[in-house]
Every structure is written in C-alpha cells, then in structure tokens.
Amino acid sequence: MAGVNKRKRGRNPKSDPPSTPDIPTSTAPSTSPHIDDVVFSVSNVELIDPLPSSASHRPRRGRPRKIPALPENSNPTNPENGKTLKVTSPTRRLIDKPNGVASLISSEGTSINASVARVVPVMDAVVKVFCVHTEPNYSLPWQRKRQYSSSSSGFVIKERRVLTNAHSVEHYTQVKLKKRGSDTKYVATVLAIGTECDIALLTVDGDEFWEGVSPVEFGDLPALQDAVTVVGYPIGGDTISVTSGVVSRIEILSYVHGSTELLGLQIDAAINSGNSGGPAFNDKGNCVGIAFQSLKHEDVENIGYVIPTPVITHFIKDYEKNGAYTGFPILGVEWQKMENPDLRLSMGMKPDQKGVRIRRIDPTAPESMMLMPSDVILSFDGVDIANDGTVPFRHGERIGFSYLVSQKYSGDGAAVKVLRRNSEILNFIIKLATQMRLIPAHNKGRPPSYYIIAGFVFTTVSVPYLRSEYGKDYEYEAPVKLLDKLLHEFRQSPDEQIVVVSQVLVADINIGYEEIVNTQVLAFNGEPVKNLKSLARMVEKCNDEFLKFDLEYQQVVVLQTETAKSATSDILTTHCIPCAMSEDLRT
C-alpha cells in the first residue's frame, strides 16, 4: 500500500550502532573501483600510514560495520579534543615476485588477489622520440619540402638499441631521444628502417643515455581477451601516458605505412597520435607489441592496432643476420579461392583435397620457374591450405596462409605441394624472395629520380609520387591507367619502371605541349622505354634529327634534337634547377 513502509524479510534489525565520529571525505575508503583495474608501478606506489599494530586491530567477525556518510559542510574534527580523525584500511604492502609482478598483501598476511596488481617494471625504458623530417618533393624532384618536426614513442631493448615505428623517422634529418623524467635529449643513430613492417631500430652513442635503464623483455603472442597496456607519449601532454584494454582480434592486417599485409593485433585501448612506437605490455610486464596505427571512422570507436612479437622478432633477426633490413618475402602469385564444388571438380580435386588456385605468377619471382597458372597449392611447408586460403593458427583460430610465408626470411627455401590439371601431385622447394612492385609503395628513403630535356620533366611513378600529385585520395583521383598498373600489373623485368612526363616547363620550344601532365612514355625513337635511366641514356646519345617520344593515349611529342639540347640549359636557369638529371642517373 502506498505511504506505508514495509519491513524487509529476514533477521530483526539490531539496535542502532554506537555513534561514529565524523569522517573526512578525502580519507574515507572507496568501495566502488575494482583494484584489478589499477596499474601499479613499484616506484610510484605511495603507501598509507599503517595502523599502530596488528594486535590492536583484530578483524571483526560478521558483516562489516557501516560508516555513515559525511554531512555537507561538516567539520572533520572531533569536537571533544579538536584533533583531526584519520580513518585507514588494514595495512597493505607490495611484495615483489620473481616475474616482476607485485602482489598486494594485507596486514593479516593473506593475498588479496593473485592478479591484483599488474606492474610495468620497465616503464623507464619507454622514451620519447623527436624527429626532424625533410621530405622529398616528388612533384618537383630536384628539391625538398620544408622541414617539419614530430614526436612519437619508443622503448629500449637489449644490446643498447631502441625500437620505434618506421613512419616516426621517415625521411629523417635528425632524431633525438629523451628518457622519462629527464630534461636531456640525446642524438640517436638510425640503424635500420623496415618500411613493410613499420619498425625502425635506433641507438645512442655514449654511456649516459643507458644508465639506469632496464631493457624491455618480449612476451609470447597474447590470446583473445588478454589484457594489454599501451605506454607512450601521445599528443596532449609531455609526460608518459598509460591506456589499457584487451586483445579483441588477431589476424592478417593491412599495414598502412608499408602497404603490406602482416600479422597484427587489434586492441580496444586508446591509441592516438604520438603513441606510435610505444610498447604494449601484458599483465606480466612483458612487451607483446608496438602500437602503430588506429582506425579513425565515424562508425567505430577505440580500435587500435599493434605490431605483434613475431613480426618484431623477424625484423630484429633479419637485421642481426644481414646487417641491414632485407624485408619480408612473399609468394609471388595471385590466387583464387576453391570453395565452389564445381570448380574443384573441374580441377580434378578429390573430396579430401583442399587448396587455392594460382591465377597469375610474377614473372620476376623465383616461383615462375616452377609453378604454373591453374596449379592448385595444396600445402605450404607441410601445412595444409584450406579452400578459403587459411591454415590452422591456434585453438579455435585460423589465419591466412601468407602468415606462413611471412615467417620466412629472404633466401629461405619452402616446400610447396601443388596439384596440376592432370591430377598430378608435384612437390617443389621454392627459394623465397622479396617482391618489388611495378609501382613501388616506397622509395626506401632515396630521393626521386628525374630527367629534363627541353622543359619536359620525366620521372618515375611511385605511391609517394601519386600522393604528392593527387593527395591522400589518389586512389580515386589518379588516372585510371596508372591505377590499373598500381593494382594489377607485374614487372616484366627486375629493372622495369613506369616513366611519365610529369609536367612541361613552358618555353618557346615546347609550344603546344604545355598540357601534357602525368602521361606515360612508351617509346623513344621507336625503342621501348624500360626505365628512366635507359631513356636518359638514349636521349643523351641520340644523333638523329628529331627526338620523338611515343606517349600513352597515342600522343606523340617531336622536338628538333640540337634545338632541344641547347634550350635545356636556359630553361634550367630560368626555373632555378641545379641539374638536368638526378644523381642516380649520372652514375
């Protein structure tokens, strides 16, 4: 009935407890947060004052006594003696365990929770990376853009080395490192840059930087729902930042910087600009990855990506083995899924056979000497491949078989079993190698090549060039024929390049040609143009009366040889261009 207070069922209520002195809000123990959610650092834990002795504070049996809330504007002092009261919980202390994880122990000697405190014992190994970049100007390849600065994160590993992201030091002019709690920046040396895996290796000369820094230890590949803690220096402050989350997905990811697909971790911890290169720790304090990119979209939230330890280990071993970064090998084929039963039947596959069909093979890859189009790859290194191109990964998980290829090193051999159209099963040992695309995703830190004759600027096409010409949406804005070559064309020879007329510098000799922009050069005086160096050599040695360039879309450019060569010098002077060709073409 409304207005009547009903009694709860159960035991009769006891008499009111004895009056309790007023308690200051700042010292009242909190009951809402979970202690499991707190990341402790041994060097930063401040212990509260313990009670006088454990003997004078015996645990009370039964239900805990309720403490009344502190009224507003109350005086947190005892009215009788005027002394401020301080309420504390039972004494708790942190003890170290062999694996570096601290356990929170109560004054009674009992462990509160075996996984209560997740300690990051090597927090001081995380450094801030300062880099000054001077990016080449791909549209005007004889000069560079204005320099700019960036900051990111990194961390110390064994043998006095530091790991960070490759895009953090791309086109670097100078790199400096600053330790946590220090005001000194140390000039670093870049040892290796892995563009595909987006990892860079640095070091610092001298002993001062390495004093008091313990290197990070790597852990195993985490499982789904494992806790991760990302540490770094994101934008928004100069001090270290810690964000936590869990592993939400493990799969082959698209690495934006390297334009490749490698194993990656998806986490729900916040990764912002400046977190790049920072370590991701597990609950044991071991590094399980490097933060490197996040998904920014209006329909998603808190999706970040981490480079896992298998990729990091591959990069480090590659550097130690070869003295430089050589890259991740790939199987130079394009394949098709075999999920359709009629397709499998037409290929002569038995019901118990599974695999993927080869569509095309890179002519420059070692596999082209053994494999053929329409071969069915049944297994790679003894691991059977499913009809959808996946292989067993861990319990309850499958992953693309390109993961098996990425575990190899350049020059390694791999056993491949294939099925031919006549139901013949063949076994090959294939030597794996890194693949160069017809339109490369990176110039490996080298400046762009160019050649100028009579105001015509010839250069090679690369992804940075397309981005410079058409912006970040170059995949929609660039000419269709160039995009088709970017996505689908293979090189026919190891030194093949796409050579284009980038622009025409206005002069009297090239009247009528001014509107030619980013058009591919197919031939010169009837000879096919294989790369920019061969074009420059043919033009310089030409003794014919005319220079004739056959361009895409059936366009033709004809210049008188002597007039074109004599006019080039004046055009270079007019446009303040130091030389008619880049240094790599002169050697």
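Residues numbered from 1 in each chain as written. Predicted model: local features only at pLDDT ≥ 70, side-chain atom pairs only at ≥ 80, totals over all residues. Heavy atoms only, no water.

### Focus on the pattern of salt bridges
A full pass over the atoms with the stated rule returns 18 salt bridges. Of the charged contacts, one joins Arg161 and Glu159 as a salt bridge, the two residues approaching to 3.5 Å between their closest N and O atoms. Assessed through its relative accessible area of 62%, Glu159 is described here as exposed. Ionic pairing is found between Arg360 and Glu334, a salt bridge with its closest N-O pair at 3.0 Å. Here Glu334 lies in strand S18 (residues 333–336) and Arg360 lies in strand S19 (residues 356–361), a separation of 26 residues in the sequence. Because the salt bridges share partners, they merge into one network encompassing Glu159, Arg161 and Glu320. (Salt bridge = Lys/Arg side-chain N within 4 Å of Asp/Glu carboxyl O. Buried < 20%, exposed > 50% of the residue type's maximum accessible area, 1.4 Å probe, protein only. Helix = DSSP H or I, 4+ residues; strand = E, 2+ residues; numbered from the N terminus.)

### Let's talk about the sheet that holds strand S7 (residues 161–164)
Strand pairs in the sheet, formed through backbone hydrogen bonds, run parallel or antiparallel to each other. The strand order S9-S8-S5-S6-S7-S11-S10 describes an open sheet built from seven strands, whose pairing is antiparallel. Two strands lie at the open edges of the sheet, namely strand S9 (185–187) and strand S10 (189–194), each paired on one side alone. Ignoring which end each strand starts from, the neighbouring axes of this sheet average 35° apart. Bridge analysis of S7 against strand S11 (residues 199–203) gives three bridges, and the strand direction is antiparallel. Across the sheet, residue Val162 finds its bridge partner in S11, namely Leu202. (Pairing = 2+ DSSP bridges. Axes fitted to C-alpha atoms, helices over the stretch in contact; angles between N-to-C directions.)

### Re the sheet that holds strand S15 (residues 279–281)
In spatial order, the strands read S12-S13-S14-S17-S16-S15; together these six strands close into a barrel with antiparallel pairing. Ignoring strand direction, the axes of neighbouring strands in this sheet form an average angle of 50°.

### Some remarks on helix H4 (residues 463–470)
Listed in full, the buried residues belonging to H4 are Val463, Pro464, Tyr465 and Leu466. Tucked inside the fold, the buried residues of H4 contact strand S27 (456–460), helix H5 (474–477), helix H6 (480–488) and strand S28 (499–504). Downstream of H4 by one or two residues, Gly471 has phi in the positive range, about 85°. (Contact = heavy atoms within 4.5 Å.)

### Topic: unusual backbone geometry
The phi dihedral of His171 is positive, around 55°, even though this residue is not glycine. Turning to its location among the elements, His171 is positioned in the loop between S7 and strand S8 (172–178). Take His171: its relative accessible area is 17%, and that puts it in the buried class. For Asn518, which is not glycine, the phi dihedral falls at a positive 50°. Of note, Asn518 is situated in the loop between S28 and strand S29 (519–524).

### Comments concerning the side chain of Thr459
Within the secondary structure, Thr459 sits in strand S27. Excluding residues within four positions of it along the chain, Thr459 makes contact with Ser449, Tyr465, Ile498, Val499, Val500, Ser502 and Leu532.

### A few points about a nonpolar patch on the surface
Residues Phe546, Val556 and Val558 make up a contiguous nonpolar surface patch of roughly 230 Å² in combined accessible area. Residue position: Phe546 is located in strand S31 (residues 546–551). Residue class for Phe546 comes out partly exposed when judged on its relative accessible area of 39%. (Patch = residues over 30% accessible without salt bridge, like charges linked within 9 Å, V, L, I, M, F, W, Y side chains within 5 Å. Areas by Shrake-Rupley, 256 points an atom, 1.4 Å probe, with all protein chains shown as cover.)

### Here we look at the pairing of strand S16 (residues 287–294)
For S16, the tally of buried residues reaches seven of eight residues, placing the bulk of the element in the interior. Where S15 meets S16, three bridges bridge the pair, whose relative direction is antiparallel. Across the sheet, residue Pro279 finds its bridge partner in S16, namely Ile290. The loop that links S15 with its antiparallel partner S16 comprises five residues; one of these, Gly285, has a positive phi angle of about 85°. Strand direction decides the pairing type here: S16 and strand S17 (residues 304–308), joined by five bridges, are antiparallel.

### A word on the environment of Leu572
As for its placement among the helices and strands, Leu572 is situated in helix H8 (residues 561–574). Residues Leu572 and Ile453, spaced 119 residues apart in sequence, show a C-alpha to C-alpha distance of 9.4 Å. In contact with Leu572, not counting residues within four places along its chain, are Ile452, Ile577, Cys579 and Ala580.

### Things to note about H8
Across its 14 residues, H8 extends 20 Å between first and last C-alpha, which sits within 8% of the 20 Å expected from 1.5 Å per residue. A maximum bend of about 30° is found in H8 at Thr568. Those residues of H8 lying buried are Thr561, Ala564, Ala567, Thr568, Ile571 and Leu572. Taken together, the buried residues of H8 touch strand S26 (450–453), S31 and strand S32 (556–560). Looking one or two places after H8, you find Cys576, whose phi comes out positive at around 55°. (Expected span 1.5 Å × (residues − 1). Bend = angle between axes of the 7 residues up to and from the residue.)

### Some thoughts on the environment of Phe393
In this structure, Phe393 sits in the loop between strand S22 (390–392) and strand S23 (398–400). Separated by 142 residues in the primary sequence, Phe393 and Glu251 place their C-alpha atoms 9.7 Å from one another. Setting aside residues no more than four positions away along its own chain, Phe393 makes contact with Leu221, Ile250, Leu263, Arg398, Ile399 and Tyr403.

### A short note on the packing of aromatic side chains
This structure, assessed with the given rule, holds 13 aromatic pairs. When the centroid spacing of 5.9 Å and the interplanar angle of 70° are considered together, the rings of Trp142 and Tyr450 count as edge-to-face. Linking Trp142 in the loop between strand S5 (126–133) and strand S6 (148–157) with Tyr450 in strand S26, this pair joins segments that are 308 residues apart in sequence. Given the relative accessible area of 5%, Tyr450 is considered buried. Consider the rings of Tyr451 and Phe458, whose centres lie 6.4 Å apart with planes at 25°: the pair is stacked. Each residue in the set Tyr451, Phe456, Phe458, Tyr513, Phe524 and Phe549 is aromatic and connected to the rest through ring pairs, giving one cluster. In this structure, Lys179 packs its charged tip against the face of Phe209, placed 5.9 Å from the ring centre. Over the aromatic face of Phe130 sits the side chain of Lys185, whose NZ or CZ is 4.0 Å from the ring centroid. (Phe/Tyr/Trp six-rings, centres within 6.5 Å; stacked < 30°, edge-to-face > 60°. Lys NZ or Arg CZ within 6 Å of the ring centre and 35° of its normal.)

Just distances and angles here, no functional claims.
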